[in-house]
Amino acid sequence: MTTTPITASETHISPATDGPATSMAAEWREFGAFLKRPTLEVSAKSKGALTVLARIYALDLLAMAVLIGLASLLIAAGVYIPATALAGMEFTWGIIAMVVIGAPVMEEVAFRSWLSGKPAVIAALLVLLAGGIGFGLAHIALPPLGLALAMAGIVGAGAALYLLRNKPTLGWFARGFPAFFWLSTIAFALVHLANFDEGSLAILLPLVLPQFILGSMLGYVRVRFGLWAAIALHAAHNGTAVAIAALAGQLG
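Residue positions within a chain follow its written sequence, with the count starting from 1. The model is predicted, so local features are restricted to residues of pLDDT at least 70 and side-chain atom pairs to those at 80 or more, both for listing and for counting; the totals for chains, interfaces and linings are taken over all residues. Excluded from the side-chain calculations are hydrogens and water; all other atoms, namely the structure's heavy atoms, are used.

## A closer look at helix H4 (residues 93-111)
For an α-helix the count is 3.6 residues per turn, leaving residues at separations of three or four pointing the same way.
Inference 1: Helix and strand labels come from DSSP, where a helix needs a run of H or I of at least four residues and a strand needs a run of E of at least two; each type is numbered from the N terminus. How far a helix is expected to stretch is found by multiplying one less than its residue total by 1.5 Å. Between its terminal C-alpha atoms H4 stretches 26 Å, which fits the 27 Å expected from 19 residues at 1.5 Å a residue.
Inference 2: Here the bend at each residue means the angle between axes fitted to two seven-residue stretches, the one ending at that residue and the one beginning there. A bend of about 40 degrees at Gly 102 is the largest found in H4, and the proline Pro 104 appears one to four places after it.

Take a look at the structure:
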């Protein structure tokens, strides 16, 4: 795996300042500009991360409110909308921890950790995936082998992160970043089709629009601040969704 140093012209670095925008509306406009042309920021704008996260979370809340309102109108009009996995779920502390903490960590590692375009992260994720596939294929027939493959994947991923830690972002990845960004966002939305037990694809595809919108926000904060920011925003979103589902269940 070879690397090519990248320049500002290759990544189309935004001329925005190093900190938050002057207002929430300006922050949302900056996010919109990013979506028009997703860019891989070489020098992450690290100042004011919590302020930016709060503003993007506010936009997420607004999007959720609009989509919930639209869904309510459709249901009132007699349109059948399949229930999600959260509907009617009994929220034990274990389930809440999995939804609010476990899912954000695992999904962000899978869908957005590699958006840095750095060889260390890409190689580590591929090795970890290989170990997981090996475990899935072997653990039933040969449990010791399955466990060994899983452990090899974890160890190999750690070794890749360490050995390749100083390698710069891949030049071809930076140049093709818009495609990788939208691939990540679309894949994140489509995997949530598994939240529904019934319904045709034509009906279900519009129902993962919330995950598509969320995925674009998560990709933006991941590029701007790092993977931790995407995990934090994802956890806040899922926590809000659990609270809404629990409230809806009580009211229902």
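## Quick word on empty space enclosed by the protein
Summary: where empty space remains is shown by rolling a probe the size of a single water molecule over the atoms.
Inference 1: Cavities and pockets are found on a 1 Å grid laid over the protein atoms alone: a cavity is a set of points where a 1.4 Å probe fits but cannot escape, a pocket is an open set with protein on both sides within 12 Å along at least five of seven lines, and a lining residue has an atom within 4 Å of such a point. Grid points are joined across faces, edges and corners, and a volume is the space filled by probe spheres set on the points. In this structure the tally under the stated criterion is 1 cavity of 30 Å³ or more.
Inference 2: Empty space within the largest cavity amounts to approximately 40 Å³.
Inference 3: As for the largest cavity, its lining consists of Asp 60, Ala 63, Met 64, Leu 67, Pro 210, Ile 213, Leu 214 and His 237.
Inference 4: Elements supplying a minimum of two residues to the lining of the largest cavity: helix H3 (49-76) and helix H10 (209-225).
Inference 5: Per element, the largest residue contribution to the lining of the largest cavity is 4 residues, and it comes from H3.
Inference 6: Note on residue classes: Ala, Val, Leu, Ile, Met, Phe, Trp, Tyr, Cys and Pro are nonpolar, Asp, Glu, Lys and Arg are charged, and everything else, Gly too, is polar. The class makeup of the residues in the lining of the largest cavity is 6 nonpolar, 1 polar and 1 charged.

## Focus: a nonpolar patch on the surface
Inference 1: For patch building, the residue pool is restricted to those with more than 30% relative accessible area and no salt bridge; the joining distance is 9 Å between like charges and 5 Å between nonpolar side chains (Val, Leu, Ile, Met, Phe, Trp, Tyr). Using a 1.4 Å probe, accessible areas were evaluated by the Shrake-Rupley method; residue-level cover was limited to the displayed protein chains. Put simply, a salt bridge is a Lys or Arg side-chain nitrogen that is within 4 Å of an Asp or Glu carboxyl oxygen. A cluster of nonpolar side chains, namely Ile 186, Leu 190, Leu 201, Leu 205, Leu 209 and Phe 212, defines an oily patch on the protein surface of about 500 Å² accessible area.
Inference 2: Elements with a contribution of two residues or more to the nonpolar patch: helix H8 (177-191) and H10.
Inference 3: Take Ile 186: it is sitting in helix H8.
Inference 4: Partly exposed describes any residue whose relative accessible area lies between the buried limit of under 20% and the exposed limit of over 50%, with all areas from a 1.4 Å probe on protein chains only and scaled to the type maximum. Judged by relative accessible area, which is 42%, Ile 186 ranks as partly exposed.

## Quick word on the layout of surface pockets
Inference 1: Quantified by volume, the largest pocket comes out at close to 1400 Å³.
Inference 2: Lining the largest pocket we find 41 residues, and of these Thr 84, Leu 86, Leu 207, Pro 210 and Gln 211 sit closest to its centre.
Inference 3: Grouping the amino acids of the lining of the largest pocket by side-chain chemistry returns 32 nonpolar, 8 polar and 1 charged.

## Points about the packing of aromatic side chains
Each aromatic ring pair is summarised here by two numbers: the centre-to-centre distance and the angle between the ring planes.
Inference 1: We call Phe, Tyr and Trp rings a pair once their centres come within 6.5 Å, taking the six-membered ring for Trp, and we label the pair stacked below 30 degrees between planes, edge-to-face above 60, and tilted otherwise. Evaluation of the coordinates by the stated rule reveals 13 aromatic pairs.
Inference 2: Ring geometry for Phe 111 versus Phe 188: centroids 5.7 Å apart, planes at 75 degrees, classification edge-to-face. Residue Phe 111 is located in helix H4, and its partner Phe 188 is located in helix H8; the two are separated by 77 residues in the primary sequence. Across this residue pair, the class does not change: Phe 111 and Phe 188 are buried.
Inference 3: Grouped by ring-pair contacts, the aromatic residues Phe 31, Phe 34, Trp 114, Trp 172, Phe 173, Phe 177, Phe 180, Phe 181, Trp 182, Phe 212 and Tyr 220 constitute a single cluster.
Inference 4: Think of it as a cone above the ring: NZ of Lys or CZ of Arg counts as a charge over the ring if it is within 6 Å of the ring centre and within 35 degrees of the ring normal. Directly above the ring of Phe 188 sits Arg 112, whose terminal nitrogen or CZ lies 4.4 Å from the centroid.
Inference 5: Over the aromatic face of Tyr 162 sits the side chain of Arg 165, whose NZ or CZ is 4.0 Å from the ring centroid.

## A word on the packing of helix H2 (residues 24-36) against H10
For any two helices packed against each other, the geometry is given by the interaxial angle and the distance between the axes.
Inference 1: All axes here are fitted lines through C-alpha atoms, helices being fitted over the stretch that makes contact, and every angle between N-to-C directions spans 0 to 180 degrees. Closest axis-to-axis distance for the H2/H10 pair is 11 Å, and the angle between their directions is 95 degrees. In terms of axis orientation, H2 runs roughly perpendicular to H10. Counted together, Glu 27, Glu 30, Phe 31, Phe 34 and Leu 35 of H2 and Ser 216, Met 217, Tyr 220, Val 223 and Arg 224 of H10 form the full contact between these two elements.
Inference 2: Of the residues belonging to the contact of H2 with H10, the class tally is 6 nonpolar, 1 polar and 3 charged. Here the angle decides the label: under 35 degrees means roughly parallel, over 145 means roughly antiparallel, 65 to 115 means roughly perpendicular, and every other value means oblique. A contact between two residues is defined here by any heavy atoms of the two lying within 4.5 Å.

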